[in-house]
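As a plain string of letters, each chain reads:
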Amino acid sequence: TLSDRLSGIFTKLRGKGKLTDADIDATAREIRLALLEADVALPVVKSFIANLKERARGAEVSQALNPAQQIIKIVHEELITVLGGEGRRLQFAKQPPTVIMLAGLQGSGKTTLAGKLSRWLKGQNHQVLLVACDLQRPNAVNQLQVLGGRAGVDVYAPEPGNGVGNPVQVAKDSIEHARRTAKDIVIVDTAGRLGIDTEMMQQARDIRDAVDPDEVIFVIDAMVGQDAVTTAEAFRDGVGITGVVLSKLDGDARGGAALSVRHVTGEPILFASTGEKLEDFDVFHPDRMASRILGMGDVLTLIEQAEQAFDEDQKEKMTSKLLGGEQFTLEDFLDQLIAVRRMGPIANVLAMMPGMGQMKDQIAELDDSHFDRVTAIIRSMTPGERTNPKIINGSRRARIANGSGVTVMDVNQLLNRFTDAQKMMKQMGGMMGLPGGNRRKA
Ligand code: GDP
Ligand code: MG
């Protein structure tokens with residue numbers, strides 16, 4: 001994957017005291033190749049590499065970072081830029097209802113998104129109306145009705161057998177219906193085809209003209225490769241879009257579509273879809289996506305922290321925590337669990353990062369009861385045990401189990417998981433050749 005490729009490239013920079021122009025060129029070449037192989041569109045790759053080289057040569061030398069970290073930082077920031085920088089929120093109409101039209105190829109995830117978006121907006125106290133304008137596929141209306149039912153929002157659809165086969169008319173009528181029923185948001189689901197075709201584009205345009213949308217959201221399957229560009233261009237030119245939603249980010253996406261689509265459409269990525277369930281959905285955060293592509297969440301945090309707190313003491317502590325593994329305590333582990341839990345659905349995305357395999361198990365079991373149990377166990381330990389779990393022998397285990405109302409097996413399980421997490425932290429530290437420890441000093 002792109003992440004693997006990039007971390008391989010960065011590993012090679014490890015231990016270099018200073019980057020020569022030749023180093024920068026070689027690295028840029030490899031990154032260029034990695035991006036192209038991940039199906040990132042050529043113009044995007046070109047401007048990316050040009051910026052990277054310029055900045056790497058420009059030697060914005062930061063004392064807190066070694067050369068490898070500096071390159072990673074630049075790549076990370078450039079990725080964020082390509083993905084849209086700050087990101088953007090939904091635009092609401094001054095005069096309700098706000099009309100959101102969904103467009104995209106068949107199977108891209110429009111109808112699923114309609115359900116997710118309606119649930120999300122309902123959670124923010126909006127009155128949402130879903131409108132079924134995909135009258136092409138026999139089951140499409142029903143699919144939307146099921147999703148609407150799950151989200152607890154109304155669905156406007158033509159009466160079956162009423163001879164209403166005109167999606168443009170349905171769209172038009174739905175706005176009236178929304179006004180009558182005091183809805184402030186209308187989400188119009190539309191039909192897609194497997195490929196771009198003129199009839200579909202025309203229908204999308206007609207629906208657009210009928211409802212005068214505040215947002216036309218182009219939904220694109222993040223797993224598509226080079227096709228992303230042609231499809232995005234076709235919808236940009238054919239319907240005119242105001243925003244993008246990446247779907248199926250939970251799949252084995254190579255990152256290409258994500259990196260190309262913003263540049264190609266010129267419009268921001270608004271949301272990310274990460275699964276089939278209604279709650280697998282979140283506002284798109286370019287920085288998080290960039291971190292995911294880099295596949296180095298913890299390392300990036302560390303870089304940030306290293307820069308912020310360039311006081312030797314702090315740095316030494318952090319570095320040894322990552323390098324030494326041992327220093328990663330059960331307190332840290334608990335903090336990590338709490339942090340993961342707070343992240344909610346986005347944790348699914350994080351878990352896909354290389355080296356985060358362990359976290360996947362943690363997340364899978366992170367339902368309330370499990371979480372409470374883990375917390376109870378850790379809280380039942382003495383401070384000494386938390387910082388140095390090695391001392392937790394059989395009798396201590398029994399005491400902890402007793403104190404937290406679990407079995408000794410539960411305690412063992414937790415300690416095993418903790419040991420895995422410790423190893424992972426060690427790997428992450430080692431991968432980056434952080435300053436300190438038995439490696440070169442920064
Ligand atoms: P549409 O034809 O554009 O309306 O696409 P659908 O919403 O019907 O989605 C097509 C298929 O993709 C369905 O089986 C969905 O369950 C699935 N799907 C949609 N979004 C996601 C996602 O974010 N992740 C995964 N794994 N599947 C998705
Ligand atoms: Mg659909």
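Residues numbered from 1 in each chain as written. Chains lettered and ligands numbered in written order. Predicted model: local features only at pLDDT ≥ 70, side-chain atom pairs only at ≥ 80, totals over all residues. Heavy atoms only, no water.

Looking now at the site of ligand 1. Near ligand 1 lie 17 residues; those nearest to it are Gly107, Thr111, Thr112, Asp250 and Glu276. Ser273 places a polar main-chain atom, nitrogen or oxygen, 3.3 Å from an oxygen atom of ligand 1. Considering ligand 1 on its own, with 580 Å² of exposed area, one finds that the protein chains cover 81% of that surface. Here the shell around ligand 1 takes four residues from helix H5 (residues 110-122), the largest share from any one element. Classifying every residue of the shell around ligand 1 gives one nonpolar, ten polar and six charged. (Near = heavy atom within 4 Å. Polar contact = N/O pair within 3.5 Å; in protein donor to acceptor, adjacent residues only side chain to side chain. Areas by Shrake-Rupley, 256 points an atom, 1.4 Å probe, with all protein chains shown as cover. Helix = DSSP H or I, 4+ residues; strand = E, 2+ residues; numbered from the N terminus. Nonpolar A, V, L, I, M, F, W, Y, C, P; charged D, E, K, R; others polar.)

Right, let's talk about the pattern of salt bridges for a bit. For side chains of opposite charge, pairing can occur when their charged atoms come near one another. Counted according to the given criterion, the structure contains 19 salt bridges. Salt-bridge contacts for Asp221 lead to Lys248; the nearest nitrogen and oxygen are separated by 3.6 Å. One end of the pair, Asp221, is in strand S5 (residues 215-221); the other, Lys248, is in the loop between strand S6 (243-247) and helix H10 (256-265), with 27 residues separating them in the sequence. Here Asp221 falls in the buried class, since its relative accessible area comes to 16%. Residue Lys248 is classed as partly exposed on the basis of its relative accessible area, which comes to 33%. Through salt bridges with shared partners, one network takes in Asp21, Asp25, Lys53 and Arg57. (Salt bridge = Lys/Arg side-chain N within 4 Å of Asp/Glu carboxyl O. Buried < 20%, exposed > 50% of the residue type's maximum accessible area, 1.4 Å probe, protein only.)

Where burial is concerned, most of S5 is hidden: seven out of the seven residues are buried. Side-chain alternation along S5 places Glu215, Ile217, Val219 and Asp221 on one buried face and Val216, Phe218 and Ile220 on a second face that is also buried. Direction of pairing for S5 relative to S6: parallel, over a ladder of five bridges. When the bridges of S6 are listed, Asp221 appears paired with Ser247. Read as a crossover between parallel neighbours, the route from S5 over helix H9 (residues 227-238) to S6 is right-handed. (Pairing = 2+ DSSP bridges. Right-handed = clockwise from strand over helix to strand, strands pointing away.)

All right, on to unusual backbone geometry then. Residue Pro97 is bonded to the preceding Pro96 through a cis peptide linkage, with omega at 5°. Looking at the element boundaries, Pro97 is found in the loop between helix H4 (67-83) and strand S1 (98-103). The phi dihedral of Asp39 falls on the positive side, at around 65°, and the residue is not glycine. Residues other than glycine seldom take positive phi values, yet Lys248 does so here, at roughly 60°.

Turning our attention to the side chain of Asp134. Mapped onto the elements of the fold, Asp134 is located in the loop between strand S2 (128-133) and helix H6 (140-151). A polar atom in the side chain of Asp134 sits 3.0 Å from the backbone nitrogen of Gln136. In terms of polar contacts, Asp134 uses its side chain to reach the backbone amide nitrogen of Arg137, at 3.4 Å.

The biggest cluster of nonpolar side chains holds 76 residues, and the ones touching the most others in it are Phe10, Ile31, Leu35, Val75, Phe235 and Leu259. For this core, the element with the highest residue contribution is H4, accounting for nine residues. Here this core spans two domains, since at least three of its residues come from each of domain 1 (1-87 + 285-310) and domain 2 (98-284). For Ile31, the contacting residues outside a window of four places in its chain are Leu6, Ile9, Phe10, Phe48, Ile49, Leu52 and Val75. The next biggest cluster of nonpolar side chains, apart from the first, holds 26 residues, and it includes Leu113, Ala114, Leu121 and Val128. (Core = buried A, V, L, I, M, F, W, Y, C linked by side-chain atoms within 4.5 Å. Domains from an automatic or database assignment. Contact = heavy atoms within 4.5 Å.)

This part is about the sheet that holds strand S4 (residues 185-190). Reading across the sheet, the eight strands line up as S3-S2-S4-S1-S5-S6-S7-S8 and stay open at both edges, with mixed pairing between neighbours. In this open sheet, the two edge strands, each paired with only one partner strand, are strand S3 (154-156) and strand S8 (281-283). Averaged over neighbouring strand pairs, the angle between their axes works out to 25° when direction is ignored. Note that S2 and S4 share six bridges and pair parallel. Looking across to S4, one finds that Ala132 is bridged to Asp189. In this fold H6 packs onto S2, S3 and S4, with an angle of close to 165° to the strand it touches most, S2. (Axes fitted to C-alpha atoms, helices over the stretch in contact; angles between N-to-C directions.)

The next point concerns the environment of Phe281. Mapped onto the elements, Phe281 comes out in strand S8. The spacing of Phe281 and Trp120 is 161 residues in sequence and 8.4 Å in space, taken between C-alpha atoms. In this structure, Phe281 is in contact with Leu113, Lys116, Leu117, Trp120, Phe271, Ala272, Ser273 and Thr274, ignoring residues within four places of it in sequence.

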